[in-house]
Every structure is written in structure tokens, then in C-alpha cells.
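Below, each chain spelled out in residue letters.
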There are 2 protein chains.
Amino acid sequence: MINVGIDLGGTTIKAGIVKDGVIIRKKVIPTGAERPHREVVLDMADLVLDVVKEEGLTMEDINSVGIGSPGAVNPETGMIVFSANFADFRNIHLVDIMKEKISCPVYLENDANVAGLGEAAIGAGKGSKNCIVITLGTGLGGGIIIDGKIFSGAFYGGGEMGHQVIVADGLPCNCGRKGCWECYSSATGLIRMGKKHAAEDPASLMNKAHDGDLSLLNAKDVFDALAEGDTAATETIDEYAHYLAIGLANTINVFQPEYLIIGGGPSAQGEKLLGPVRAKMGEEIYGGETATKLVTAELGNDAGIIGAAMLYTIH
Amino acid sequence: MINVGIDLGGTTIKAGIVKDGVIIRKKVIPTGAERPHREVVLDMADLVLDVVKEEGLTMEDINSVGIGSPGAVNPETGMIVFSANFADFRNIHLVDIMKEKISCPVYLENDANVAGLGEAAIGAGKGSKNCIVITLGTGLGGGIIIDGKIFSGAFYGGGEMGHQVIVADGLPCNCGRKGCWECYSSATGLIRMGKKHAAEDPASLMNKAHDGDLSLLNAKDVFDALAEGDTAATETIDEYAHYLAIGLANTINVFQPEYLIIGGGPSAQGEKLLGPVRAKMGEEIYGGETATKLVTAELGNDAGIIGAAMLYTIH
């Protein structure tokens, strides 16, 4: 059975054709999140048609299209209630607009829930009925699986792990609050910290990446400099791990899942990221220890696509 | 059917005989939480025997004894894994010690879960299958009911809502972390804020309570002064509501329960507490609005006893 999964992000839209849990073709376009929602959604529909055609298939071959989107999503109505990462994503009928161009069933879920579904079913939490996936991307999303089901609150608007304040009166967040976990522990937060420490230390290797254009710094650049023993990069990861450990310890104290799975760009670093986080978390867990296993995602950046393509299994 | 419910707190131990959801007799003793755990638990067993005798009953009349305790509790083994409010409550066999003196079944649960059970079944969340009770006491506890069941994580150590950091690197908490929600929004936190504002303002009415002994200030004193328009009390509640709103908004963003129920001492103030909190929460909710109903507990300070006496219903 062939399904299309879409990972709708604030920066890019990724669509993949998924067969037996594997992506056989993928296509990526820029989101243009500053545009009216209708333009973004119709581009997404065209992306599906394009990737199917490029694989030599027709839409008759496609069982379903699943979409993971950041924000508060209602899977029953196919609407995005609110998403801070786009210009006007408030009460938009995303599935209805997709259906103007797509004839097969279209399913919508929160992107982090989708990643949670994928990781719990065939990824790092395989076989677990209680796991949480924290995805570190443009924002910070949480996919919560309790008793084998996606948990998103009584009215589908819950599960917004990134929009918990961990620094009262802290940095302003896209959502309107101050000091959200997302501000500190998203990949965006890591890059901001890296730029700050690099600017304070002209000798830092981080200033040498991208022909010296610090505005292009990415998460991997920070870890590359860290591997060279760069002081500013070490300070960056120390600061980043501090806030990430705080939020992860909060999550364990409340949910104590079997698996706490870290996904998104920075998670590709594996123990280079988790090592410093584990060291700091020991001081943070209620009672000093936990049975929760902290691991990185196995589906990598494809979790969003694969999980979205699996949405038909819970509908 | 007659059951005994016990509300084990850091300050007092309250035992009540509960019949048809109503407490027919209650007895309270100081906890002496600084003592070895065995002394505390045997006192608790004697308290049960005393209150039953005082009501003119014998232990043969008692169906079960239920205990709600703060901290990480394992209801299956009857052990308290860890509780920050006592001197040596770490991996203690609480139920086994109780059974040295009590012959009927003895059940143990986290105190906030117990309050959640009571409020969801017969209190403010009556009829709801998704509700959270936040209890503002010596500490801050959370009782989480999902799909009609107590949720406490995969290994019973979750649900520690109070031990989520909301002020990174903030005030030291009993649990070892810095800046836990409990430090700011427990009744203890309110009293600390009241004392600070009163000390800064010698004219404050809060300084006149208890014959001018500020060390005896309690939550009600702060609200009494607020009702008189006292400036320092107004500043106290403003500060308290700020942090309480942050934690409650975090809770809604993650769980979005049908009911978010506020219990514990300060909740007796009803809208005098919730009014300022609601005003601040409007700015804090993801997407700006929520379907979650914010209400005060209906079982009042008795929720712990009544909920504990109901533990037999889920065993």
C-alpha cells in the first residue's frame, strides 16, 4: 500500500511517497510561510501531484495523503486551529483546500504527534505504548503517545510541549508568551545561542563557516566547532543542554514515559547532544533517577513524512 | 459502605471516616515530618484507630483505608519512592508498616491523584473523563485524570506537576531543582510573597495580623488584606497570580483538559483567586483561547480525605 506523507514546516514543505514504511521518493519546496494560507496549501497539493508523477505513478495508486502540521490541529474537522509558524494559520480548512486538487482521503495531525506515531510504531520507541517524541526544529514539538494512542487533550489543542514557559518573563515567543521552552531548545534557539557566543569570540571556528557569514550558521556548524574543542561552541552547547535538560526533566516529572525520544535536526548528533543533556538531567529528575529511556529518534528527519503517511492506520 | 481516607501532608495528617461520599468524623494531628518515617506512619495508623473508636465503630466496620501522600508513589507495591516533604521518605514500605496495626485493605496513592479522583468522580469535574486538579498546599500537586483513569506515567512516578521548572535557575526547591512551579504557586509560595511585600511596606495590614507576628502570616490573611484594598496585598496577589497563570497555561497547552480544577487552601477564595489568574491567562494560552473550564475544587480541603476513601473503587 502506497501513501503520501507531508511534513509541513515553517521553512520547507517535504512530501514523500511511502511504501512499507520506507520513503521511495521525496520532494521538498520552500514554504513561503509569510504568504496567505491558501497559497501555501495549494502549493502543498501541487507538490503531492508532482512527486507522484515524478515516481511514474498516478493518484489512483495512492491510498491516502497524510499531513503533519505544527500548531493546534483538529484531526476530525481537518482544520488548523492556530499555528504560530505561519502568517494567517488560524481556523483554516486545510483538508478542504487540499481536496480541491486531491481525490484520495487526506488526513491532518499535529506534526509532532505524527512524528510520535512513527517513532512509537516503527522507530526508537518500537513496541512501546507510552512514549514522547520531542522534535527540535524551527519550533519545538511534542508527540505524546499514551496507551498506544496519540494524546492531544480533550479538544485536540493540547500536546503543545514547546509552548510551556520554562523561563518566566524570558524571551518573547511567536505564540505571544515569554520564555517558552521552544525559544531555548528548538534548533532555532541553538542557532541563536551559537551566533551570540560566536559574536562574543571572534576567534571561534563558528565565525569561519559559510565564508564567514555568521547569519548562515546552522546547528551542525556548532557541533562541528564543538568537535574541534572550540570554546564558544562548547559554551553554546553547555547553555543549550542546560535548557533542554530543564524541559526534558519537566516532561519526565509529569509524564514519566517509557521512551523520551529526541528528534529533529540537532538529534542527528546522537550522544554528542544527549551526553551533555544527560549530565545535566541527573540533577533535575524528581527523586534523582528515572526509568525513562532517553534516546534519539531513529526515523531521523523522515519521521514527519513516515508518520504522516501512517495516519490512515488510526483513522 | 464505610471507608477511612487519610490526607498525609507535610504539616498535618488528616483522617476521616467517609460514608456515601460524606465525612462523618474527622481527626487531625501534626505530621512531625522531620522524624523518621516509621514514627510518622505508626502515628498515622493510631490516628485511624482513634477516629474509628471515637465514632463508636470498630475496625470490623471499616471496608478499607486509603492514603494520599505527596511525592512519587507506587500504588502496586504500597511504597513511597520519594517525597520531598519528609525527612527520609525514600523507598519506604508505607502500606506494610500500616498493616502492622490495620487489618483491612490499605491503599496508597499520590495525594494529588487522590484529589483528582475525588473531584472527577463527585466534585467540580463530575462526569468528566479528562480533568486535572492542581492542589495548592505546602507543596503543589497535580492529579491527572485521562479517559477516566488516574494518569501517573509508565512507572507511577509521573504526575509531579509542581516539579516542573517555570523559572530556570530560580528559587531552590525541596526536590533539588531550581525554579519549580511549586516554589511560586504553592500556598507556601503565596505566604513567602506576602511576607516579602509586607516587610517592604510597614503600613500593610498584613503586618497587623496575628498580633503583628509576620511569621504567622497565612494565605487567608493576604486575601483579607486584599479585600481592604491593601497595596502590599494587591502586589502579592498580582505576583502570585502571574506565576500561577504561567503554570496553568503550561498545563492547558499540554493537556487541554475539560476541567482544570484548583484545590488547596487558597482555592477557598474562589473568584478572588481565579479572577486575577484568568485575567493573566488570556495572554498565555496557545492560540489565545481554550475550551478548558477553570474552576475551584468543590470538595474543598476534604478532597484529599474523600478521594483517598474512594481508592478502593479503582482497586
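Structure first, text after, so check above.
In what follows, the accompanying structure is described. Remember, predicted model here, so these are calculated numbers, not experimental data.

Some thoughts on the overall build of chain A
Of regular secondary structure, chain A possesses 9 helices and 13 strands. The globule rule puts the C-alpha radius of gyration for 315 residues at 20 Å, and the 19 Å found for chain A is close to it. Structurally, chain A occupies a C-alpha span of about 55 × 45 × 35 Å along its principal axes. Look at the contacts in chain A between residues 6 or more apart in sequence, and 63% of them connect residues 24 or more apart. Here chain A has roughly 11,800 Å² of accessible surface; of this, 50% comes from carbon and sulfur atoms. One way to put it: in chain A the 25 positive side-chain charges average out to a point 2 Å from where the 40 negative ones average out.

Concerning the relation of the copies chain B and chain A
It takes a turn of 180° to lay chain B on chain A, together with a shift of 0.0 Å along the axis; the resulting RMSD is 0.0 Å. Both copies are brought into coincidence by an operation consistent with a two-fold rotation axis. Mapped onto chain A, 100% of the interface residues of chain B are again interface residues, and the two copies thus contact each other with one and the same surface.

Things to note about the packing of aromatic side chains
Residues and elements named next belong to chain A. Evaluated as defined, the whole model comprises 7 aromatic pairs over all chains. Judged by centre distance (4.7 Å) and plane angle (35°), the rings of Tyr184 and Tyr243 are tilted. With Tyr184 in helix α4 (residues 181-185) and Tyr243 in helix α7 (residues 231-255), this residue pair connects regions lying 59 residues apart in the sequence. Exposure remark for Tyr184: the relative accessible area of 6% places this residue in the buried category.

Section: the interface of chain B and chain A
The interface of chain B with chain A comprises 51 residues on the first partner and 51 residues on the second. Approximately 3,700 Å² of surface area, both sides summed, lies buried where chain B meets chain A, with 55% of it carried by carbon and sulfur atoms. If you sort the residues of chain B by the area they bury against chain A, B:Arg177, B:Val254 and B:Tyr286 come out on top, with a joint share of 21%. Linking chain B with chain A are 2 salt bridges, by the criterion used here. Taking the shortest distance from any N to any O, the salt bridge between B:Asp147 and A:Lys149 comes out at 3.5 Å. Taken together, the connections running from chain B to chain A amount to 20 residue pairs in polar contact (both at pLDDT 80 or more). When contributions to the side of chain B that touches chain A are tallied by element, the ones reaching two or more residues are β10 (140-146) and α7 (231-255) of chain B. Split into classes, the residues belonging to the side of chain B that touches chain A amount to 25 nonpolar, 17 polar and 9 charged.

Structural notes on the pattern of salt bridges
Residues and elements named next belong to chain A. Per the stated rule, a full pass over the model turns up 24 salt bridges over all chains. Here Lys27 and Glu54 are joined by a salt bridge, their closest N and O atoms 2.9 Å apart. Placement of the pair is Lys27 in strand β3 (residues 22-30) and Glu54 in helix α1 (residues 37-54), with a sequence separation of 27 residues. The closest approach of N and O atoms between Lys280 and Asp238, which form a salt bridge, is 3.0 Å. One end of the pair, Lys280, is in helix α8 (residues 271-281); the other, Asp238, is in helix α7, with 42 residues separating them in the sequence. The partly exposed category is assigned to Asp238, whose relative accessible area is 44%.

Reading guide: rules and limits
- Residues numbered from 1 in each chain as written.
- Chains lettered and ligands numbered in written order.
- Predicted model: local features only at pLDDT ≥ 70, side-chain atom pairs only at ≥ 80, totals over all residues.
- Heavy atoms only, no water.
- Helix = DSSP H or I, 4+ residues; strand = E, 2+ residues; numbered from the N terminus.
- Rg over C-alpha atoms; globule rule 2.2 N^0.38 Å.
- Contact = heavy atoms within 4.5 Å.
- Areas by Shrake-Rupley, 256 points an atom, 1.4 Å probe, with all protein chains shown as cover.
- Lys, Arg positive; Asp, Glu negative; His and termini not counted.
- Charge placed at Lys NZ, Arg CZ, Asp CG, Glu CD.
- Least-squares fit on C-alpha atoms with pLDDT ≥ 70 in both.
- Phe/Tyr/Trp six-rings, centres within 6.5 Å; stacked < 30°, edge-to-face > 60°.
- Buried < 20%, exposed > 50% of the residue type's maximum accessible area, 1.4 Å probe, protein only.
- Buried area = accessible area lost by both parts, 1.4 Å probe.
- Salt bridge = Lys/Arg side-chain N within 4 Å of Asp/Glu carboxyl O.
- Polar contact = N/O pair within 3.5 Å; in protein donor to acceptor, adjacent residues only side chain to side chain.
- Nonpolar A, V, L, I, M, F, W, Y, C, P; charged D, E, K, R; others polar.

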